[in-house]
Amino acid sequence: MNSLLTIESVLKPIKKSLGEEDYREPLEILLRDLSEESNLQPHGYLGMRQNIISRLKVRADLNEIVTNKSLPPPAAPVIVSGLPRSGTTFLFDLLDTDNNQRSPLTWEIFNPLPLAKNEATKKARILKTNTQLAIIKSLVPDLNDLHPLHANHPEECQQITTISMRSIAYLFMARVPNYGNYLKSCDYAPAMLWHRRFLQVLEQSNTPIRWLLKDPTHVHHIPELLAAYPGAYFVFIHRNPTATIPSICSLSAKITSALSKRVDKKEIGASLLDYWGYAIEKGLGDRVEIPNNRIFDIQFADFISDPMEQIRRMYAHFGFELNQPNEENMHNFLVDDAANKKSRHKYTLEEFGLTEKQVGERFKKYTTQFDL
């Protein structure tokens, strides 16, 4: 095993308690894969090591707060999910313009503690986070076309669940086959325990009417989300997997190639088809646990055609108010988005060893249920 990526070496810099031991099993599997399976370049080993240590330090700081305080439950969240590359980010960013909702921002996820209690501290955290993001973007030059990143923008939950060492983020960053298999069937309750604690601590500086959360992998963990957030609202956006799967593979290949000596695109295709096929299938069974008045489905084509119509229908279904200022915020966002459209990156199923027939068969139940 690479000496930089032993469990002893990554835990040594952590000077505080990490709380429950739930992180150890996934951490050991991840480190073993990174050492023995990943084909990382030297800077890849260093980058992955630094990422893991950084996330564990956040966990240690978080643990220190929740151990010494009795914190109230967080506000009920609106949870956006669906296959990656199906419009979830666009929907998430649009909903974030509603002042009644608060999303965890990228800088709050990367550098949350101690809590920023004044504007000067916030600006310093934003600057630090943008510096970290600049390094990432230098390694993946067209990342902003694939998944825009900015310190002051809302970010998805897969970056929060890294503090429990249960996150698909690592599956996108390196070849970690055993870790990927672990994620499919592991107990995800610890990830949501720490996710909930994270929101509880953020609320000490700003308590929202509703949290706004987003993560495609949430389709895979509905029971755990309901246990952590009994009053949660779920919004699922649906797009044909023959369009989304090659885009997911392209994103993963570009990030992985920035850190690795070689990348096997066909292996990426097989791995991600397997993971997302399993996740969607599980989500179809689990969604029956969500009360009808707290689940809303959107067709990707309908959303792209008329975003505000889908928002109005969603708000009416959930009983949310869409007041004039927030409707204007959303309209302005849509105008700005249309004016700043990026060129689309190109990809095909075939370059990842997949066919439309193969993807169609894997997602047949899903595409039939939602007429995709």
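Residues numbered from 1 in each chain as written. Predicted model: local features only at pLDDT ≥ 70, side-chain atom pairs only at ≥ 80, totals over all residues. Heavy atoms only, no water.

J.: Give me the lowdown on the sheet that holds strand E1 (residues 77-81), citing residues and values where you can.
T.: If you walk across this open sheet you meet the five strands as E2-E3-E1-E4-E5, and the pairing is parallel. Each edge of the open sheet is held by one strand with a lone partner, namely strand E2 (101-102) and strand E5 (295-299). Pairing of E1 with strand E4 (residues 233-238), which is carried by four bridges, proceeds in the parallel orientation. Within the sheet, the bridge partner assigned to Ile79 lies in E4 and is Phe234. Against the sheet, helix H4 (residues 88-95) touches E1, E2, strand E3 (210-214), E4 and E5, its axis set at about 160 degrees to E3. (Pairing = 2+ DSSP bridges. Helix = DSSP H or I, 4+ residues; strand = E, 2+ residues; numbered from the N terminus. Contact = heavy atoms within 4.5 Å. Axes fitted to C-alpha atoms, helices over the stretch in contact; angles between N-to-C directions.)

J.: Account for the pairing of E4, with residues named and values stated.
T.: Here E4 lies mainly inside the structure; six of its six residues are buried. With burial as the criterion, each face of E4 is covered, one bearing Tyr233, Val235 and Ile237 and the other bearing Phe234, Phe236 and His238. (Buried < 20%, exposed > 50% of the residue type's maximum accessible area, 1.4 Å probe, protein only.)

J.: I'd like a description of the nonpolar core, backed by residues and values.
T.: Most often, soluble globular proteins keep nonpolar side chains buried together rather than apart. Core analysis: the biggest nonpolar cluster contains 90 residues, and Leu27, Leu34, Ile52, Phe234, Ile245, Trp276 and Phe363 have the highest contact counts within it. In terms of residue count, the dominant contributor to this core is helix H3 (residues 42-68) (nine residues). Not counting residues within four places of it along the chain, the set of residues in contact with Leu34 comprises Leu5, Leu40, Tyr45, Met48, Ile52, Ala174 and Val176. Membership of the second largest hydrophobic core comes to 22 residues, among which are Val80, Phe90, Phe92 and Phe303. (Core = buried A, V, L, I, M, F, W, Y, C linked by side-chain atoms within 4.5 Å.)

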